[in-house]
Amino acid sequence: MKLKLLTLVTVVGLSLNLVACSNDVTASNTNEQNTSKNSSYKTENLEIKGADKALQRLKDGNDRFVNDKSELINVTKERRDQLKDGQNPYAVVVSCSDSRVTPNIVFNAGLGEIFDIRLAGNVVDDDALGSIEYGVAHANAPLIVVMGHESCGAVTAAYNKYTKGTEVEGNIEEIVEEIEPSIGKDKTLDDAIRTNVTNVANEIKNDPITKKLIDSGKVKVVEAYYSLDGKVQFK
Ligand SMILES: [Zn+2]
């Protein structure tokens, strides 16, 4: 069923004022060089091939973030100039619209790194599936991460509706319906959040264009869970 939802798809969305900077961290990748008057800025010309390296890059970035060692990375003029001829993101991240779970922040990534798909409850409608297809088939990202999170409001709304009969209004109803199959009456809210990640990952894996790339070994789908203390667990 096609949901009539507002799809928020942004290639990048980095709020610099939320990124802690540090001068004493070391580079995790290639071609580090300072290009700004601000010596904490750094530019990396990324050549990340394959899902495993992409996943490691996300894990390294989350480690920096959770330890308050985020770097001002790939937000420089040099990086913007690099990207004028095109993009080569290494990951499509499907996550919730929740303002506490911004992928570029929690993975300490910069411009041209993460192809972002965000709807409340990290659900996917046809527009989101099409955007994912673009990310893997045209922007050539080798990795898709589906990331749920602790205390997700959209999953909570669905959970309360199907366990307590609490009604929701407007187009939120469509999101809640999408999440409904993940709700178990004798299961917890957190169980529902994790099951929803698996169900969305399966929906993506069954998308014909994405499935073809997965079957050929070019793309991998990984499930993830963000705790509000900042740590991302990959399954
Ligand atoms: Zn959420």
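Our subject is the structure that appears above.
**Points about the overall build of the protein**
Next up, step 1: When its secondary structure is counted, the protein shows eight helices and eight strands.
Next up, step 2: Taking all 235 residues of the protein together, the buried fraction comes to 40%.
Next up, step 3: Sequence-distant contacts, at least 24 apart, represent 73% of the contacts inside the protein between residues at least 6 apart.

**Observations concerning helix α5 (residues 153–164)**
Next up, step 1: End to end, α5 covers 15 Å across 12 residues, agreeing with the expected 16 Å (1.5 Å per residue, within 8%).
Next up, step 2: Among the structural elements, α6 (172–179) and α7 (189–205) are those in contact with the buried residues of α5.
Next up, step 3: The first or second residue beyond α5 is G165, which carries a positive phi of 80°.

**Side note on the packing of α5 against α6**
Next up, step 1: Contact geometry for α5 and α6: axes closest at 9 Å, N-to-C directions at 75°. In terms of their interaxial angle, α5 and α6 are classed as roughly perpendicular. Between α5 and α6, the residues in contact are A154, V155, A157, A158 and K161 and I172, I175, V176 and I179, respectively.
Next up, step 2: Across the contact of α5 with α6, the residue classes tally to eight nonpolar, no polar and one charged.

**A word on the nonpolar core**
Next up, step 1: Counting 56 residues, the largest nonpolar core has A91, V92, V94, I144, V145 and V146 as the members making the most contacts within it.
Next up, step 2: In terms of residues, this core owes the most to one element, α7, which gives six residues.
Next up, step 3: Setting aside residues up to four positions removed in sequence, V94 forms contacts with I117, N122, V124, I132, I144, V145, V146, M147 and V200.
Next up, step 4: One finds Y41, L72, I73 and V75 within the second-largest nonpolar core, a separate group that totals five residues.

**Brief notes about helix α1 (residues 51–66)**
Next up, step 1: For α1, with 16 residues, the first-to-last C-alpha span of 22 Å sits near the 22 Å given by 1.5 Å per residue.
Next up, step 2: Buried within α1 are the following residues: A51, A54, L55, R57, L58, G61, N62 and F65. The buried residues of α1 all sit within an arc of 155° when viewed along its axis, so they share a single face.
Next up, step 3: Contact partners of the buried residues in α1: β4 (91–95), α3 (103–106), β6 (143–149), β7 (220–226) and β8 (232–234).
Next up, step 4: Note on α1: the residue one or two positions beyond its end, D68, has a positive phi of about 55°.

**Here we look at the pairing of β6**
Next up, step 1: Along β6, seven of the seven residues are buried, which leaves the element largely enclosed by surrounding structure.
Next up, step 2: Of the two faces of β6, the one holding L143, V145, M147 and H149 and the one holding I144, V146 and G148 are both buried throughout.
Next up, step 3: Of the strand pairs in this sheet, β6 and β7 are connected by seven bridges, and their pairing is parallel. When the sheet's bridge partners are listed, I144 is paired in β7 with V221.

Rules used in this analysis
Residues numbered from 1 in each chain as written. Predicted model: local features only at pLDDT ≥ 70, side-chain atom pairs only at ≥ 80, totals over all residues. Helix = DSSP H or I, 4+ residues; strand = E, 2+ residues; numbered from the N terminus. Buried ≥ 20, exposed ≤ 12 C-beta atoms within 10 Å, placed from the backbone. Contact = placed C-beta atoms within 7 Å. Expected span 1.5 Å × (residues − 1). Axes fitted to C-alpha atoms, helices over the stretch in contact; angles between N-to-C directions. Parallel < 35°, antiparallel > 145°, perpendicular 65-115°, else oblique. Nonpolar A, V, L, I, M, F, W, Y, C, P; charged D, E, K, R; others polar. Core = buried A, V, L, I, M, F, W, Y, C linked by C-beta atoms within 7 Å. Arc of directions from axis to C-beta. Pairing = 2+ DSSP bridges.

The quantities given are spatial measurements derived from coordinates; they are silent on function.
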